[in-house]
Amino acid sequence: MKSYIPNLLTLLNVFSGCVATVFAVLNHLELAALFVFIGIFFDFFDGLAARALNVKSEVGVQLDSLADVITSGLVPGIVMFQLLNMAERGGWNLGFFGHDDEMTVLPFFGFMITLASAYRLAKFNVDENQVSSFKGLPTPANALLILSLPLILLYHNNEVLSGIILNQWFLMGLTVVSAYLLNSPIALFALKFDNWSFKDNGVKYLFLIGSLVMLLTLKFLAIPLIIVFYLLASILIPKKDGK
């Protein structure tokens, strides 16, 4: 029975992604973000459970990536769609296309994130070298980056930040940067723990502690800073096995 536990956690990730998709389409982006966070929680612990129970399987690997396509690929694409739609219409609105239900082309540019995420996950599944490190930004990290934007709009209430986030050129630029980072050759350390030793996981523990401090002090504004911190730490700190 223990062999089913990791896959059950992965399926809970799928369910969370489905619920988040519904809320993102309805433009309830706060709830969409909540269920993406829940899905990423399950995504972290399914792999941890598989390693702890020694029940890793090829089905589990494939299922994990399929779940991530929804939670960390489709949902961020819809959220970027909605943000670009808001940028065109000058502010927050409910509904899929806005007050007058007119469809424009620009918001669909946000789905570049979904396409890049799917491609990144497909490459990950056939790359046997991404064990102690990743090539490119992991899709859950990218999803957190995109989902942080509506949360900053809702909870930080800063005109300067709102003006930046709801600028269509900023959003289009972030979409392109996001798609590049997902599939870049940059080696980034993986938050996977084979044991709990500080000696073997010092960088990961320091990253998690630093991230927690930023979250407690800066709240949702910390999320983009944590992603930058993750990128810089991965680039500047030597990897094991030359990765």
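See above for the structure.
This write-up is about the structure you can find in this document. In this text, all values refer to a predicted model and were calculated from it rather than measured experimentally. (Residues numbered from 1 in each chain as written. Predicted model: local features only at pLDDT ≥ 70, side-chain atom pairs only at ≥ 80, totals over all residues. Heavy atoms only, no water.)

What about the overall build of the chain?
- A count of helices and strands for the chain gives nine helices and two strands.
- Starting at the N terminus and walking to the C terminus, you meet the elements of the chain as α-α-α-α-β-α-α-α-β-α-α.
- Relative to all contacts within the chain whose residues are 6 or more apart in sequence, the contacts with residues 24 or more apart total 73%.
- Carbon and sulfur atoms make up 71% of the accessible area of the chain, which amounts to about 12,500 Å² in all. (Helix = DSSP H or I, 4+ residues; strand = E, 2+ residues; numbered from the N terminus. Contact = heavy atoms within 4.5 Å. Areas by Shrake-Rupley, 256 points an atom, 1.4 Å probe, with all protein chains shown as cover.)

Some details on the side chain of Asp43
- Mapped onto the secondary structure, Asp43 falls in helix α2 (residues 29–53).
- Once residues within four sequence positions are removed from consideration, Asp43 is found in contact with Asn13, Asp64, Asp68 and Pro140.

Brief notes about helix α7 (residues 168–182)
- Taking 1.5 Å per residue as the helical rise, α7 with its 15 residues ought to reach 21 Å, and the 21 Å between its terminal C-alpha atoms agrees with that figure.
- Within the sequence span of α7, burial applies to Leu171, Met172, Leu174, Thr175, Ser178, Ala179, Leu181 and Leu182.
- Two to three positions downstream of the cap, the backbone nitrogen of Trp169 sits 2.8 Å from a side-chain oxygen, assigning the N-cap of α7 to Asn167. (Expected span 1.5 Å × (residues − 1). Buried < 20%, exposed > 50% of the residue type's maximum accessible area, 1.4 Å probe, protein only. Polar contact = N/O pair within 3.5 Å; in protein donor to acceptor, adjacent residues only side chain to side chain.)

Some words on the environment of Thr104
- Mapped onto the fold, Thr104 is located in the loop between α3 (58–89) and α4 (112–126).
- Placed 19 residues apart in sequence, Thr104 and Asn85 show a C-alpha to C-alpha distance of 8.2 Å.
- Here Glu88 takes part through its side chain, which lies 2.5 Å from a polar atom of the side chain of Thr104.

Considerations on the packing of aromatic side chains
- Counting across every chain of the model gives 13 aromatic pairs.
- Considering the side-chain rings of Phe44 and Phe45, the 5.1 Å spacing of their centres and the 85° angle between planes classify their relative orientation as edge-to-face.
- Among the residues examined, Phe45 registers a relative accessible area of 34% and is labelled partly exposed.
- With centroids separated by 5.6 Å and ring planes inclined at 80°, the aromatic side chains of Phe189 and Phe207 adopt a geometry described as edge-to-face. Of this pair, Phe189 sits in strand β2 (residues 187–189) while Phe207 sits in helix α8 (residues 198–218), and the two are 18 residues apart along the sequence. The two residues Phe189 and Phe207 agree in class, both being buried.
- Three or more aromatic residues joined by ring pairs form one cluster here, namely Phe41, Phe42, Phe44 and Phe45. (Phe/Tyr/Trp six-rings, centres within 6.5 Å; stacked < 30°, edge-to-face > 60°.)

Regarding unusual backbone geometry
- With a phi angle near 45°, Asn157 is a residue other than glycine that sits in the positive phi range.
- Position of Asn157 relative to the elements: it lies in the loop between α5 (139–155) and α6 (159–165).
- On the accessibility criterion, Asn157 (70% relative accessible area) is exposed.
- Phi at Lys219 is positive, roughly 55°, even though this residue is not glycine.

Here's the deal with the environment of Pro107
- In this structure, Pro107 sits in the loop between α3 and α4.
- Here Pro107 falls in the buried class, since its relative accessible area comes to 1%.
- Sequence separation of Pro107 and Gln82 is 25 residues, and the distance between their C-alpha atoms is 6.8 Å.
- Contacts of Pro107, omitting those with residues within four sequence positions, involve Phe81, Leu84, Asn85 and Glu88.

Quick word on the nonpolar core
- Core analysis: the biggest nonpolar cluster contains 45 residues, and Val79, Met80 and Leu137 have the highest contact counts within it.
- Per element, the largest residue contribution to this core is nine residues, and it comes from α5.
- The contacts of Met80, once residues within four sequence positions are left out, are Gly110, Ile113, Ile146, Leu149, Leu171, Leu174 and Thr175. (Core = buried A, V, L, I, M, F, W, Y, C linked by side-chain atoms within 4.5 Å.)

What about the packing of α5 against α7?
- The geometry of α5 relative to α7 is characterised by a closest axis approach of 10 Å and an angle of 170° between their N-to-C directions. What the angle tells us is that α5 and α7 run roughly antiparallel. Across the interface between the two elements, Thr139, Asn142, Leu145, Ile146 and Leu149 of α5 pack against Leu171, Leu174, Ser178 and Leu182 of α7.
- In terms of residue class, the contact of α5 with α7 is built from six nonpolar, three polar and no charged. (Axes fitted to C-alpha atoms, helices over the stretch in contact; angles between N-to-C directions. Parallel < 35°, antiparallel > 145°, perpendicular 65-115°, else oblique. Nonpolar A, V, L, I, M, F, W, Y, C, P; charged D, E, K, R; others polar.)

Read these as geometric descriptors, not functional statements.
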